[in-house]
Amino acid sequence: MILLPQPLLKQIVDAAEAAYPEECCGLVVGYAQPPQDLIVTRVEVSPNVTEENIGERFEVSPRLRLDVMRALEGGPERILGHFHSHPDHPAQPSPRDLERAWEPDLVWLIVSVLDGQAIHTTAHVLDGEGRQFREISLRTTDWQPYGVRPAAANGREEEAS
Ligand SMILES: [Zn+2]
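The structure displayed is predicted, hence computed values, not measured ones. (Residues numbered from 1 in each chain as written. Predicted model: local features only at pLDDT ≥ 70, side-chain atom pairs only at ≥ 80, totals over all residues.)

S.K.: Before we move on, could you go through the overall build of the protein and cite the residues and values that matter?
M.R.: In terms of regular secondary structure, the protein is built from 4 helices and 8 strands. Listing the helices and strands of the protein from first to last along the sequence gives β-α-β-β-α-β-α-β-β-β-β-α. Intrachain contacts of the protein at a sequence separation of at least 6 include 67% that bridge at least 24 residues. (Helix = DSSP H or I, 4+ residues; strand = E, 2+ residues; numbered from the N terminus. Contact = placed C-beta atoms within 7 Å.)

Take a look at the structure:
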């Protein structure tokens with residue numbers, strides 16, 4: 001299960017609606033809580049840097065990803081996955097998504113946007129040695145992102161400022 005605090009879901013939904021009819025994308029940061037939950041602590045909206053049809057394709061900025069990875073180094077959080085939107089299409093991975101899914105550890109969040117309004121968000125992971133997606137449950141929570149952050153992450157931020 002992936003737990004997504006409501007304000008972070010709103011960030012994703014806002015990005016998806018703002019980008020419509022183009023696809024939005026970004027990174028989802030957080031940490032694993034054994035045995036199998038993932039807790040999202042932060043969402044990083046990325047410019048969609050695809051050089052293909054931006055209404056049907058997405059690519060997270062490699063620069064953003066590098067910056068985020070660097071910022072997370074040594075801390076408890078990591079990049080859990082990414083999100084993108086499907087303008088006027090269901091919140092299910094497309095054949096094209098499967099072709100481009102080569103990182104087995106990443107969660108894919110997909111937002112369906114219909115007529116400019118985000119209507120559904122789902123989460124998926126790669127399964128069967130990367131040959132198919134499997135939907136995992138996505139639960140939104142009322143927790144504030146900072147409330148679920150481990151102390152170490154807060155300490156790191158203070159050092160940086
Ligand atoms: Zn897609």
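S.K.: So what about the sheet that holds strand E3 (residues 37-46)? Which residues, and what values?
M.R.: The sheet built from 8 strands is open, its strands ordered E7-E6-E5-E4-E2-E3-E1-E8 with mixed pairing. Two strands lie at the open edges of the sheet, namely strand E7 (132-136) and strand E8 (138-141), each paired on one side alone. In this sheet, neighbouring strand axes are inclined to one another by 35 degrees on average, regardless of whether the strands run parallel or antiparallel. Sheet contacts for helix H2 (residues 62-72): strand E2 (25-33), E3 and strand E4 (78-87); angle to E2, the most-contacted strand, approximately 25 degrees. (Pairing = 2+ DSSP bridges. Axes fitted to C-alpha atoms, helices over the stretch in contact; angles between N-to-C directions.)

S.K.: Tell me about the confidence of the model for the protein, and please be specific about residues and values.
M.R.: Put simply, the protein has an average pLDDT of 89, and 88% of its residues get 70 or more. Scored below 50 in pLDDT, residues 147-161 makes 14 contacts in the model with residues more than four places away or belonging to other chains. (pLDDT = per-residue confidence, 0-100.)

S.K.: Run through unusual backbone geometry, naming residues and quoting values.
M.R.: Look at the link from Tyr 20 to Pro 21: it is a cis peptide, with omega at 5 degrees. Looking at the element boundaries, Pro 21 is found in the loop between helix H1 (6-19) and E2. A cis amide bond, omega 5 degrees, links Pro 34 with the succeeding residue Pro 35. Tracing the backbone shows Pro 35 in the loop between E2 and E3. In this structure, Asp 88 is a non-glycine residue whose phi angle is positive, near 55 degrees. Along the chain, the position of Asp 88 falls in the loop between E4 and helix H3 (95-100). The exposure class of Asp 88 is partly exposed, given the 13 C-beta atoms found within 10 Å. (Buried ≥ 20, exposed ≤ 12 C-beta atoms within 10 Å, placed from the backbone.)

S.K.: Would you mind going over the pairing of strand E5 (residues 107-114) in detail, with residue names and values included?
M.R.: On a regular strand, one side chain projects to one face of the sheet and the next to the other, so that they alternate. By the criterion of burial, E5 is predominantly enclosed, with 6 of the 8 residues buried. As judged from the 7 bridges shared by E4 and E5, these two strands associate in the parallel manner. Bridge assignment links His 82 to a residue of E5, and that residue is Trp 108. Between the parallel elements E4 and E5, the chain passes through H3 in a crossover that is right-handed. Inspection of the sheet shows E5 paired to strand E6 (residues 117-127) by 7 bridges, in the antiparallel sense. Each residue of the ladder has a partner; that of Val 111, found in E6, is Thr 121. Two successive antiparallel strands, E5 and E6, enclose a turn made up of 2 residues, where Asp 115 displays a positive phi of approximately 50 degrees. (Right-handed = clockwise from strand over helix to strand, strands pointing away.)

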